[in-house]
Amino acid sequence: MSKEFDVVVIGAGPGGYIAAIRAAQLGKTVACIEKWKNPAGQLKLGGTCLNVGCIPSKALLASSEEFENAAKHLGDHGISVSDVKLDVSKMLARKDGIVEKMTKGIEFLFRKNKIAWLKGHGKFTGKNAAGVQIEVSGEGETEVVTAKNVIIATGSKARHLPGIPVDNKLIADNEGALSFDSVPKKLAVIGAGVIGLELGSVWRRLGADVTVLEALPQFLGAADEALAKEAAKQFKKQGLDIHLGVKIGEVKTTANGVSIAYTDNAGNAQELEADRLIVSIGRVPNTDNLGLDAIGLAADERGFIPVDDHCATKVPNVYAIGDVVRGPMLAHKAEDEGVAVAEIIDGQKPHIDYNCVPWVIYTEPEIAWVGKTEQQLKAEGREIKTGQFPMMANGRALGIGRAEGFVKMIADAKTDEILGVHVIAADASDLIAEAVVAMEFKAALEDIGRICHPHPSLSEVMREAALAVDKRALNM
């Protein structure tokens with residue numbers, strides 16, 4: 001007789017492990033299926049985000065910022081530093097240590113909440129009156145478990161270009177780019193999205209000459225135009241060489257590295273020689289070999305599992321969350337969906353406002369936004385008013401030597417309701433949280449303008465931008 005659980009979660013990434021924990025908190029018997037192995041062959045929880053995504057990339061971003069500050073910017077503070085040396089292996093070891101600590105933390109949370117970790121690959125085999133049957137294979141004996149409710153949280157993987165084999169040595173995706181054993185002299189990056197910009201920034205700070213090739217004619221097309229324009233200016237100033245509107249041709253590995261043939265936006269044939277290449281052209285859902293057809297489900301033409309507004313599939317008691325369903329491929333979006341589905345299974349009625357899911361790019365300066373862009377709102381014919389305030393007029397930003405960027409706020413012209421907040425600044429990932437709270441509570445810009453903010457702090461720019469909408473900024 002197979003083991004039976006109230007809830008079985010397939011995948012232990014940010015969406016999956018959070019869903020499992022919330023379901024267990026609500027008194028359900030819970031199992032979570034995960035097959036991820038690190039390079040040492042050890043099974044680990046946390047999925048792509050924790051093991052080869054969000055967490056390790058932010059660790060390397062922090063390390064590379066420290067290196068660049070020591071090498072280039074401490075002199076501004078009257079601190080003389082010479083002969084700054086880089087130990088790549090120690091930097092990578094620090095990153096790996098952080099990942100190990102956090103994966104162990106999730107294991108502890110599973111034990112604390114009495115969640116069974118089923119080690120292997122989960123695949124649907126059928127359903128009956130008792131529930132859905134899932135085969136777990138890969139570690140030891142294959143077993144079949146029965147679930148009254150299932151949450152599919154299998155995440156996503158890097159999209160690869162046809163005919164360009166990724167070996168994660170010369171040609172890397174996000175996994176390989178987090179583990180280069182040395183700093184390449186010349187680094188090529190295909191894709192000027194979040195991952196390409198972040199990883200390109202890491203290796204540029206450490207000394208690489210970085211060229212980014214982007215197929216789209218517009219830089220950061222999802223961001224507000226003012227934000228994208230400022231970001232392009234800052235990245236160019238830093239030394240990221242970004243080419244837009246290119247068409248990638250043949251990519252060849254050579255004795256010296258990688259050769260990338262491409263056509264530029266003027267139609268001219270070009271060739272780029274690099275020591276290494278990072279391919280970061282987006283991600284695709286992990287819905288292969290799940291046995292969806294065994295329970296009457298199928299992924300759409302792009303690999304996503306169709307769900308309703310509450311993450312429910314067409315099969316009763318089967319849900320899907322995170323990167324395998326519609327919406328942004330963001331870890332925090334997956335977490336919110338995981339909590340919501342666990343609560344729905346418990347009979348509660350949670351709600352997620354997808355317009356209040358923030359976006360963040362962890363470059364320097366950081367880029368973050370929530371809500372709609374000015375171009376989106378104008379396309380909708382919405383009457384709006386905008387305000388913008390520069391970081392260079394903020395005492396705290398000047399004091400820490402990070403005065404690039406600004407905060408831009410957009411509100412309804414009549415009601416003053418906040419419709420979008422766009423930040424390019426130091427610590428934008430933290431600053432944006434105030435805007436998320438405000439928008440969740442349907443706040444007006446006047447509300448932020450009337451709230452006392454600590455002085456001196458970067459958060460004052462949020463208030464000043466809100467006041468700037470009505471030409472009331474106090475420090476400009």
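The preceding data block contains the structure.
A quick note: this is a predicted structure, and the numbers were derived from the prediction, not measured.

This part is about the environment of Ala-342. If you trace the backbone, Ala-342 turns up in helix H8 (residues 331–345). Accessibility expressed as a relative area gives 2% for Ala-342, which makes it buried. Beyond its immediate sequence surroundings of up to four residues, Ala-342 is in contact with Ala-19, Arg-22, Ala-23 and Leu-26.

In a structure, side chains of opposite charge can pair up when their charged atoms sit close to one another. The full count for this structure, using the stated rule, is 26 salt bridges. For the salt bridge of Lys-72 with Glu-68, the shortest nitrogen-to-oxygen distance reads 3.7 Å. Here Glu-68 and Lys-72 lie together in helix H3 (residues 54–73), a separation of 4 residues that amounts to about one turn. Taking the relative accessible area as the measure of exposure, Lys-72 reaches 54% and is therefore exposed. Residue class for Glu-68 comes out buried when judged on its relative accessible area of 12%. The network of salt bridges with common partners includes Asp-224, Glu-374, Lys-378 and Lys-408.

If you look at the biggest cluster of nonpolar residues, it comprises 37 residues, and the most contacted ones within it are Leu-187, Trp-203, Leu-220, Ile-278 and Ile-367. Setting aside chain neighbours within four positions, we find Leu-220 in contact with Ala-192, Leu-197, Ala-228, Ala-231, Ile-361 and Ile-367. If you look at the next biggest cluster of nonpolar residues, it comprises 33 residues, including Ala-411, Ala-438, Ala-443 and Val-469.

Taken together, Ile-79, Val-81 and Val-84 make up a surface patch of nonpolar side chains, about 210 Å² in accessible area. Along the chain, the position of Val-81 falls in the loop between H3 and helix H4 (88–112). In this structure Val-81 comes out as partly exposed when scored by relative accessible area, which is 41%.

With that settled, the discussion passes to the packing of helix H1 (residues 14–25) against H8. How two helices pack is summed up by the angle between their axes together with the distance between the axes. Here H1 crosses H8 at 30 degrees, and the two axes come no closer than 7 Å. When the interaxial angle is binned, H1 and H8 end up roughly parallel. H1 and H8 meet at a crossing whose hand is right-handed. Between H1, through Pro-14, Gly-15, Ile-18, Ala-19, Arg-22 and Ala-23, and H8, the contact on the second element is made entirely by Ala-331, Ala-334, Glu-335, Gly-338, Val-339, Ala-342 and Glu-343. Of the residues in the contact of H1 with H8, the class split is 8 nonpolar, 2 polar and 3 charged.

Overall, the coordinates contain 3 aromatic pairs when judged by the stated rule. Judged by centre distance (5.3 Å) and plane angle (45 degrees), the ring pair of Phe-180 and Trp-203 falls under tilted. A residue pair is termed long-range when its members are at least 10 positions apart, and Phe-180 in the loop between helix H5 (174–177) and strand S8 (186–190) and Trp-203 in helix H6 (residues 194–205) qualify at 23 residues. The ring centre of Trp-117 lies 4.6 Å from the NZ or CZ of Lys-119, which sits over that ring.

Before going further, it helps to examine the sheet that holds strand S19 (residues 384–390). Read from one edge of the open sheet, 5 strands run S17-S18-S21-S20-S19, paired in antiparallel fashion. Because the sheet does not close on itself, it has two edges, and the strands there are strand S17 (359–361) and S19. Each adjacent strand pair in this sheet contributes to an overall mean axis angle of 10 degrees, direction not counted. Pairing analysis gives 3 bridges linking S17 to strand S18 (residues 366–371), with the strands arranged antiparallel.

To continue, consider the sheet that holds strand S7 (residues 171–172). Across the sheet, which stays open at both edges, the 5 strands sit in the order S7-S14-S8-S9-S10 with parallel pairing between neighbours. Of all the strands in the sheet, just S7 and strand S10 (241–243) have a single pairing partner and so form its edges. In terms of strand pairing, strand S9 (residues 209–213) meets S10 through 3 bridges, oriented parallel. When the sheet's bridge partners are listed, Leu-213 is paired in S10 with His-243.

As a further point, take H6. Counted at 1.5 Å a residue, the expected span for H6 with its 12 residues is 16 Å, and the 17 Å between its end C-alpha atoms agrees. Across the 12 residues of H6, 10 count as buried, placing the element largely inside the fold. Among all positions of H6, only Gly-196, Leu-197, Glu-198, Leu-199, Gly-200, Ser-201, Val-202, Trp-203, Arg-204 and Arg-205 are buried. Once H6 ends, the next one or two residues include Gly-207, with phi positive near 125 degrees.

Calculation criteria
- Residues numbered from 1 in each chain as written.
- Predicted model: local features only at pLDDT ≥ 70, side-chain atom pairs only at ≥ 80, totals over all residues.
- Heavy atoms only, no water.
- Helix = DSSP H or I, 4+ residues; strand = E, 2+ residues; numbered from the N terminus.
- Buried < 20%, exposed > 50% of the residue type's maximum accessible area, 1.4 Å probe, protein only.
- Contact = heavy atoms within 4.5 Å.
- Salt bridge = Lys/Arg side-chain N within 4 Å of Asp/Glu carboxyl O.
- Core = buried A, V, L, I, M, F, W, Y, C linked by side-chain atoms within 4.5 Å.
- Patch = residues over 30% accessible without salt bridge, like charges linked within 9 Å, V, L, I, M, F, W, Y side chains within 5 Å.
- Areas by Shrake-Rupley, 256 points an atom, 1.4 Å probe, with all protein chains shown as cover.
- Axes fitted to C-alpha atoms, helices over the stretch in contact; angles between N-to-C directions.
- Parallel < 35°, antiparallel > 145°, perpendicular 65-115°, else oblique.
- Left-handed = near helix turned anticlockwise from the far one by under 90°.
- Nonpolar A, V, L, I, M, F, W, Y, C, P; charged D, E, K, R; others polar.
- Phe/Tyr/Trp six-rings, centres within 6.5 Å; stacked < 30°, edge-to-face > 60°.
- Lys NZ or Arg CZ within 6 Å of the ring centre and 35° of its normal.
- Pairing = 2+ DSSP bridges.
- Expected span 1.5 Å × (residues − 1).

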